[in-house]
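What follows is the residue order along each chain.
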Amino acid sequence: MSDEERDIDIESDDDESLGAARGEFQFASQAEKRAHHNALERKRRDHIKDSFCSLRDSVPSLQGEKVGGGGAKASRAQILKKAADYIEFMRRKNSAHQQDIDDLKKQNNLLENQIRSLEKTKYTGNFAAMTSNSQLLTSKAGSLGEFEGSGSESSDSEGSNSVCRKKLKT
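About the cut-offs
- Residues numbered from 1 in each chain as written.
- Predicted model: local features only at pLDDT ≥ 70, side-chain atom pairs only at ≥ 80, totals over all residues.
- Heavy atoms only, no water.
- UniProt positions renumbered as here; feature names shortened; annotations may be inferred.
- Helix = DSSP H or I, 4+ residues; strand = E, 2+ residues; numbered from the N terminus.
- Buried < 20%, exposed > 50% of the residue type's maximum accessible area, 1.4 Å probe, protein only.
- Contact = heavy atoms within 4.5 Å.
- Areas by Shrake-Rupley, 256 points an atom, 1.4 Å probe, with all protein chains shown as cover.
- Expected span 1.5 Å × (residues − 1).

The name given to the protein chain in an unreviewed UniProt entry is Protein max, with Chionoecetes opilio as the source organism. UniProt, in its Sequence similarities (unreviewed entry) section for the protein chain, records the words "Belongs to the MAX family."

A. The overall build of the protein chain, seen in detail. From N to C terminus, the protein chain includes five helices and zero strands. Counting every position in the protein chain, which comprises 170 residues, the buried fraction comes to 15%. Counting contacts in the protein chain only where the partners sit at least 6 residues apart, residues at least 24 apart contribute 36% of the total. For the protein chain, the accessible area works out to roughly 12900 Å², and carbon and sulfur atoms hold 54% of it.

B. Seen up close, helix α3 (residues 76-124). With 49 residues, α3 ought to run about 72 Å at 1.5 Å a step, and its terminal C-alpha atoms sit 71 Å apart, in line with that. Inspection of α3 places I79, A83, Q114, L118 and T121 among the buried residues, and these make up the whole buried set. One or two steps after α3, the chain reaches G125, where phi turns positive at roughly 85°.

C. View of helix α2 (residues 30-58). Over its 29 residues, α2 runs 42 Å from end to end, which matches the ideal 42 Å to within 8%, given 1.5 Å per residue. Burial in α2 covers these residues: F52, C53 and R56. Looking at the buried positions of α2, the neighbouring elements they touch are α3.

See below:
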């Protein structure tokens, strides 16, 4: 039961209890009581229909279709089935994206550790270790360039690596 339906039920319960407390009845006849009930039921059905329309519009494969049983209209069962399929698809897609994010975080941590290691060796004066770490970083940069689909990064890395070697020799 939606909040709106609960509000309607509460209002009608309050009205009936007030009338009963005063010794009156809210409705003069059964016909008025039935008409009130029919209006509440119509409002409930309209709310359900609007909810199905909203759900249908949220599912890409159903956008533009009408709710109903014939022709190009989507039945309520079809809307529920396709909505469930779409939710499952989006869950799988989110899971794959989360795995990609985790992989990139691991790669980022590895590269940050290599940078810290290079900076540490630079400040301690351990040039032999710096050369081997520089070569390792160059190979990683080259593989990163291959991953991105261009070789220009690896040639730039080799150029900067040769500059490092020249500085080390002097």
